[in-house]
Amino acid sequence: MEFNPPRDAAAEARLWRAAREFERMHPAFVSMTYGAGGSTRDRTARVTGQLARETTLLTVAHLTAVEHSVAELRSIVGTYADAGIRNLLVLRGDPPGDPLGEWRKHPDGLEYAEDLVRMVRGLGDFHVGVASFPQGHHRSPDLDHDTAYLCAKLRAGAEYSITQMFFDVEHYLRLRDRVAACDAVEGAKPIIPELMPITSLRTVQRAEELSGRPVPPALMRRLERAGGSDPEANRNDVRAVGIEIATEIGQRLIDEGAPCLHFITLNFAKATTEVLTNLGYTVTAAPVSA
Ligand SMILES: Cc1cc2nc3c(=O)[nH]c(=O)nc-3n(C[C@H](O)[C@H](O)[C@H](O)COP(=O)(O)OP(=O)(O)OC[C@H]3O[C@@H](n4cnc5c(N)ncnc54)[C@H](O)[C@@H]3O)c2cc1C
């Protein structure tokens, strides 16, 4: 499950409710994204550390090179290590304010995620993951370059990748084929697919931002049909179709041998739990941890 840094105390309380719910499903791991902005960053480091220390959840901290010198990046990695976090998802990040804008590295920073993978691996005994893009990163000239850069990140010491969210499982399968063809050793490393249940027509826009692509027309038609002439009045029907779509995608991924499923949760437990229940996962009694 993927969490986002809470912006205030109320959001933090919501995140904790979701984390406690997820504990009962024994996920392989949870991750916390890393955003721009000083105060959010402090809160991110604190809450991520708490998740690692105070829950049964294996916690992966995302880390980006955005607006950081190498010295700062080393210090952040040290903070995470002090909090007992040994798992990092290493990313370049996007230009603050405009994710599609021109990337400029910090004058004393790093250019690519590959450089950050090397840095983190050089700092100690960390398990490192990286991002992968089933339809290619929006700045990659083509899919071959995109695959070659992913293989370079894996060769630099990353042990797995987590994909950008997608709706068409074929894109995930073709990515897996490309990485295997590019490098047999790196191709054997897990590629973890990311998905997000759509719970309303409003979340479609969020899903499109996160996947970087429009929701496929056939899925859009199913959601719109459920919404009918009054999507607000029929919001439960739209939500049910969104859960059904995420379940179908999840089932196909499991059938195709995906190593696990990574859910964008937006810090809510309900939708992800419903999809996992549909897929046959069970919820156990509440955990004993405080
Ligand atoms: C699962 C996942 C989680 C994410 N979490 C976060 C988060 O927490 N915070 C956040 O800010 N962003 C996050 N992102 C977004 C990510 O930071 C952006 O997509 C960013 O634009 C690319 O990051 P990257 O690590 O793939 O960069 P890179 O691997 O460095 O790639 C960036 C671009 O450079 C190209 N490239 C790479 N190596 C080379 C090279 N040697 N020569 C020439 N070109 C090269 C790539 O093809 C790509 O176009 C996440 C993305 C994913 C998929």
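Small disclaimer: the values here were computed from a predicted structure and weren't measured. (Residues numbered from 1 in each chain as written. Predicted model: local features only at pLDDT ≥ 70, side-chain atom pairs only at ≥ 80, totals over all residues. Heavy atoms only, no water.)

## With respect to the nonpolar core
The tendency in soluble globular proteins is for nonpolar side chains to be buried side by side.
Point 1. Phe-3, Leu-88, Leu-116, Val-120 and Leu-253 are the most contacted members of the largest nonpolar core, which totals 76 residues.
Point 2. The element best represented in this core is helix H10 (residues 235-255), accounting for seven residues.
Point 3. Excluding anything up to four places from it in sequence, Leu-253 contacts Phe-166, Val-169, Tyr-172, Pro-193, Leu-195, Ala-258 and Leu-261.
Point 4. Within the second largest apolar cluster, nine residues are counted, among which are Phe-29, Leu-91, Ile-162 and Ile-192. (Core = buried A, V, L, I, M, F, W, Y, C linked by side-chain atoms within 4.5 Å. Buried < 20%, exposed > 50% of the residue type's maximum accessible area, 1.4 Å probe, protein only. Helix = DSSP H or I, 4+ residues; strand = E, 2+ residues; numbered from the N terminus. Contact = heavy atoms within 4.5 Å.)

## Thoughts on the packing of aromatic side chains
Point 1. Throughout the structure, instances matching the rule amount to three aromatic pairs.
Point 2. With a centroid separation of 5.8 Å and an interplanar angle of 15°, the aromatic rings of Phe-166 and Tyr-172 are classed as stacked. An identical accessibility class is assigned to Phe-166 and Tyr-172; each is buried.
Point 3. One residue, Arg-86, lies across the ring of Phe-126, its end atom 4.9 Å from the ring centre. (Phe/Tyr/Trp six-rings, centres within 6.5 Å; stacked < 30°, edge-to-face > 60°. Lys NZ or Arg CZ within 6 Å of the ring centre and 35° of its normal.)

## Overview of the environment of Ile-85
Point 1. Here Ile-85 shows up in the loop between helix H3 (70-82) and strand E4 (87-91).
Point 2. Considered as a pair, Ile-85 and Cys-151 are 66 residues apart in the sequence and their alpha carbons are 25 Å apart.
Point 3. Sequence-distant contacts of Ile-85, that is, excluding residues within four places in its chain, are made with Thr-48, Gly-49, Ala-52, Thr-59, Ala-61, Tyr-80 and Phe-126.

## Digging into H3
Point 1. Taking 1.5 Å per residue, 13 residues should reach 18 Å; H3 reaches 18 Å between its end C-alpha atoms and fits that length.
Point 2. Phi for Gly-84, located one or two positions after H3, is positive at around 85°. (Expected span 1.5 Å × (residues − 1).)

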